[in-house]
Amino acid sequence: MAATFTKTDGDLRAVMEALLLSKEFLSAGAWRSKVKSPFEMVASSLRALDADVTDTTAIAQRVADLGQPLYAKVEPTGYPNSSENWANSVGLLGRMNFASALVAGQISGVKVKPEAVASADLRRSMLALTGIEASPETIAAVEKSAAGKPPTPVLIATAVIGSPDFQKR
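Each chain carries its own residue numbering, running from 1 in the written order of its sequence. In view of the model being predicted, local features appear only for residues whose pLDDT reaches at least 70, and side-chain atom pairs are presented and counted only at 80 or more, with totals across whole chains, interfaces and linings using the full set of residues. Only hydrogens and water are removed before side-chain values are computed, so all heavy atoms of the structure are retained for them.

1. What about the nonpolar core?
The line we're drawing: Put simply, buried Ala, Val, Leu, Ile, Met, Phe, Trp, Tyr and Cys residues joined by side-chain atoms within 4.5 Å make one nonpolar core. Between buried and exposed lies partly exposed: a residue is buried under 20% and exposed over 50% of the maximum accessible area for its type, with that area taken using a 1.4 Å probe on protein chains only. To qualify as a helix, a DSSP run of H or I must reach at least 4 residues; to qualify as a strand, a run of E must reach at least 2; elements of each kind are numbered from the N terminus. In what follows, a contact means two residues having at least one pair of non-hydrogen atoms within 4.5 Å.
In this structure, V42, L49, F98, L102, I107, V110 and I161 are the most contacted members of the largest nonpolar core, which totals 20 residues. Of all the secondary structure elements, the ones that give two or more residues to this core are helix 3 (38-48), helix 4 (57-65), helix 5 (89-103) and helix 8 (153-162). Broken down by element, the residue count for this core peaks at 5 residues, all from helix 5. Setting aside residues up to four positions removed in sequence, F98 forms contacts with M41, V42, S45, R62, L66 and I107. Ranked by size, the runner-up nonpolar core spans 8 residues in total, among them M126, I156, A159 and V160.

Structural data, given as structure tokens:
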């Protein structure tokens, strides 16, 4: 990219082409290798569930509870942009709890539509939201939670939002 910048006299379009067409950018190891920050996870969950947010206070508190309080990073570099900072047992459990509370309507000032995510089954819902198939482990966990009955839209939406696949960007 630096060579392209120099060669093209700073043409940012050419630099972006160099980035997007590089073998590193398109590599299997780079694809969906990062975990969303808490802010990204909360925002993408609200979008996925077609949320109607009338009061942002509780949402801002949830983002803070997940480890990324809004406007509270002292250093000018901002919050970390690497998965290691967000993918730990406490953080992942918090994300699952957030997904469960969000879909169950337990966050004040927020109304969601689980059916916005949940189509007829988990496989289609996961594919529509994440672009990849639900893992056998995710399917087994949802089936176990449904106790032999067809899973409800609430259960499917919770499983999708709380899934490791939804956590990636």
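Once you've had a look at it, read on.
2. As for the packing of aromatic side chains
Quick note on the threshold: To pair, rings of Phe, Tyr and Trp, with the six-membered ring standing in for Trp, must have centres within 6.5 Å; the planes then decide the type, stacked if under 30 degrees apart, edge-to-face if over 60, and tilted in the middle. Charges are assigned to positions over rings by a cutoff of 6 Å between ring centre and Lys NZ or Arg CZ, combined with an angular limit of 35 degrees from the ring normal.
Within this structure, the stated rule accounts for 0 aromatic pairs. Note that K36 overlies the ring of F166, its terminal NZ or CZ placed 3.6 Å from the centroid.

3. With respect to the packing of helix 6 (residues 122-130) against helix 7 (residues 136-146)
Rules: To define axes, lines are fitted to C-alpha atoms, for helices over the stretch in contact only, and angles between the resulting N-to-C directions are given on a 0 to 180 degree scale. Put simply, angles under 35 degrees are roughly parallel, angles over 145 are roughly antiparallel, angles from 65 to 115 are roughly perpendicular, and the rest are oblique. Note: crossing handedness is left-handed where the near helix turns anticlockwise from the far helix by less than a right angle, and right-handed where it turns clockwise.
Contact geometry for helix 6 and helix 7: axes closest at 11 Å, N-to-C directions at 130°. What the angle tells us is that helix 6 and helix 7 run oblique. The way helix 6 lies across helix 7 gives a crossing that is right-handed. In contact with L122, R123 and M126 of helix 6, helix 7 contributes T138, I139 and V142.

Interpretation in functional terms is not warranted from these geometric data alone.
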